[in-house]
Amino acid sequence: MNAAGRGDAPGSGRYGEAVFRPGQPDEGGRVDLGALAYDDITLARLRALGAGPGWRCLDVGAGTGTVSRRLLDEAGVTSVLAVDRDVRFLTGRPVPGLDVLEADVTAPDFDPGRFRLVHARFVLMHLPERLRLVTALAGLVEPGGVLVLGDAVDLTSDRAPDNPYARVMRAMWQGLRDTIGTDVTWVPSCPRLLRDAGLAPVAAEIHVPPLQPGSPISRFWADTWERSRETMLATGLVDDAAVDAAIRYLDSDACAALSAGLLTAWGRKPAET
């Protein structure tokens, strides 16, 4: 996943540098826990949209490459170009048909070609240029192809029941906003943004994995909070005791909360006439 710097202003850090550094021990394992929670729903949607033999695909912010590899292994696409600003998790697991490109998608000259499928999951929410990038990514889709964007939907609103999970999640979103500019408030508008980028038809769906003791998503959040603990404490919304209590809560039968959802939106580029 990528983020762009903006000097020393609040939110000017970069994903992978200010937080969630790939060089941290087992950062790839944390990313893979998220993949276990969301990959099945992502692959089902990509295949339902037609991804299969003959398709050239672009996977933006590919992380550890789980979606890229499953597109090749299960959907049988012809090739996948996996792009990330740090590709250490991609180059360590090569497979036939998978090409790896170390690049920053926010760069004005980023133009790796045209693809039948362009996919980005949990990427744009961390990028201040997200609105421009929707249009830029749509420009990489060949006529008749599809752009698929997935980002988080926060369900810990002020009306949600107060519990240890909700308190720490609110602090996490605020800490990431202050540190690297993460923003999920725009995500419900993604279908309209795809339509504004010239894609039609467009549609969207939301998947919310259940929080259960020991589940991949519960372990993902616990690990994510540990790695972003400093940024959460800096908000003043929680202290160490609150973070520890939330981690215990996730792993208990007392847990009664909604995880952040994955909103997946897609649009098709009109075929040439």
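One can find the structure itself at the top, above this paragraph.
Criteria and cut-off values
- Residues numbered from 1 in each chain as written.
- Predicted model: local features only at pLDDT ≥ 70, side-chain atom pairs only at ≥ 80, totals over all residues.
- Heavy atoms only, no water.
- Helix = DSSP H or I, 4+ residues; strand = E, 2+ residues; numbered from the N terminus.
- Rg over C-alpha atoms; globule rule 2.2 N^0.38 Å.
- Contact = heavy atoms within 4.5 Å.
- Areas by Shrake-Rupley, 256 points an atom, 1.4 Å probe, with all protein chains shown as cover.
- Lys, Arg positive; Asp, Glu negative; His and termini not counted.
- Charge placed at Lys NZ, Arg CZ, Asp CG, Glu CD.
- Axes fitted to C-alpha atoms, helices over the stretch in contact; angles between N-to-C directions.
- Parallel < 35°, antiparallel > 145°, perpendicular 65-115°, else oblique.
- Left-handed = near helix turned anticlockwise from the far one by under 90°.
- Nonpolar A, V, L, I, M, F, W, Y, C, P; charged D, E, K, R; others polar.
- 1 Å grid on protein atoms, 1.4 Å probe; cavity = no way out; pocket = protein on both sides within 12 Å on 5 of 7 lines; lining within 4 Å.
- Points joined across faces, edges and corners; volume = space filled by probe spheres on them.
- Core = buried A, V, L, I, M, F, W, Y, C linked by side-chain atoms within 4.5 Å.
- Buried < 20%, exposed > 50% of the residue type's maximum accessible area, 1.4 Å probe, protein only.
- Pairing = 2+ DSSP bridges.

(A) Local environment of the overall build of the protein. The helix and strand tally for the protein stands at 9 helices and 7 strands. The C-alpha radius of gyration computed for the protein amounts to 18 Å, which stays within 12% of the reference 19 Å derived for 273 residues, consistent with globular compactness. Each principal axis of the C-alpha atoms in the protein carries an extent, and together these give about 60 × 40 × 40 Å. Taking the contacts inside the protein whose residues are at least 6 apart along the sequence as the reference set, 73% of them involve residues at least 24 apart. As displayed, the protein offers around 11,600 Å² of accessible surface, 52% of which is attributable to carbon and sulfur atoms. The average position of the 29 basic charges and that of the 36 acidic charges among the side chains of the protein differ by 4 Å.

(B) Expanded view of the packing of helix α5 (residues 164–180) against helix α9 (residues 240–250). Following both chains from N to C, one finds α5 and α9 inclined at 125°, their axes separated by 8 Å at the closest point. When the interaxial angle is binned, α5 and α9 end up oblique. Crossing of α5 over α9 shows left-handed handedness. For the pair formed by α5 and α9, the contact residues are Pro-164, Tyr-165 and Val-168 on the first element and Ala-242, Val-243, Ala-245, Ala-246, Tyr-249 and Leu-250 on the second. Its residues assigned to classes, the contact of α5 with α9 comprises 9 nonpolar, no polar and no charged.

(C) Region of interest: empty space enclosed by the protein. This structure, assessed with the given rule, holds 1 cavity of 30 Å³ or more. Looking at the largest cavity, the residues that line it are Thr-42, His-119, Arg-121, Val-148, Leu-149, Gly-150, Leu-262 and Thr-264. Going through the elements one at a time, β4 (115–121), β5 (141–153) and β7 (261–268) are the ones with two or more residues in the lining of the largest cavity. Looking at which element gives the most residues to the lining of the largest cavity, the answer is β5, with 3 residues. Of the residues that constitute the lining of the largest cavity, the class distribution is 3 nonpolar, 4 polar and 1 charged.

(D) The nonpolar core, seen in detail. Residues Val-118, Leu-137, Leu-147, Leu-149, Trp-221 and Trp-225 are the most contacted members of the largest nonpolar core, which totals 63 residues. Examining the composition of this core, we find that 8 residues originate from one element, α5, more than from any other. Setting aside residues no more than four positions away along its own chain, Leu-147 makes contact with Val-118, Val-134, Leu-137, Ala-138, Val-141, Leu-194, Leu-199, Ala-265, Trp-266 and Gly-267. Among the nonpolar cores identified, the runner-up in size contains 21 residues, and Leu-46, Cys-57, Leu-71 and Val-77 belong to it.

(E) Structural view of the sheet that holds strand β3 (residues 98–102). Strand order in the open sheet formed by 7 strands is β3-β2-β1-β4-β5-β7-β6, with mixed pairing between adjacent strands. Looking at which strands have only one partner, the edges of the open sheet turn out to be β3 and β6 (202–207). Going across the sheet, the axis of each strand differs from the next one's by a mean of 15°, ignoring polarity.

(F) Spatial organisation of helix α2 (residues 66–75). Among the 10 residues of α2, 7 are classified as buried, and the element is accordingly described as predominantly covered. When we look at burial in α2, the residues that qualify are Thr-66, Val-67, Ser-68, Arg-69, Leu-71, Leu-72 and Ala-75. Residues of α2 that are buried sit in contact with α1 (27–48), β1 (56–60), β2 (79–84), α3 (88–91), β3 and β4. Looking one or two residues beyond α2, the residue adopting positive phi is Gly-76, at roughly 75°.

(G) Expanded view of unusual backbone geometry. In this structure, the amide linkage connecting Ala-200 to the following residue, Pro-201, adopts the cis form with an omega of 0°. Relative to the elements of secondary structure, Pro-201 occurs in the loop between α6 (190–196) and β6. Here Phe-20, not a glycine, exhibits a phi torsion of approximately 55°, which is positive. Here Phe-20 lies in the segment before α1. The buried category is assigned to Phe-20, whose relative accessible area is 4%. Phi is positive for Asp-26, which is not a glycine, with a value near 60°. Considering the arrangement of structural elements, one finds Asp-26 in the segment before α1. Taking relative accessible area as the criterion, Asp-26 reaches 57% and is therefore assigned exposed.

(H) Structural detail: the packing of helix α7 (residues 216–227) against α9. Where α7 contacts α9, the axes come no closer than 9 Å and their chain directions differ by 170°. Here α7 lies roughly antiparallel to α9, going by the angle between them. Here α7 and α9 pass one another in a crossing that is left-handed. Here α7 contributes Ser-218, Trp-221, Ala-222, Trp-225 and Glu-226 to the contact with α9, which in turn contributes Val-243, Ala-246, Ile-247 and Leu-250. Partitioned by chemical class, the residues of the contact of α7 with α9 number 7 nonpolar, 1 polar and 1 charged.

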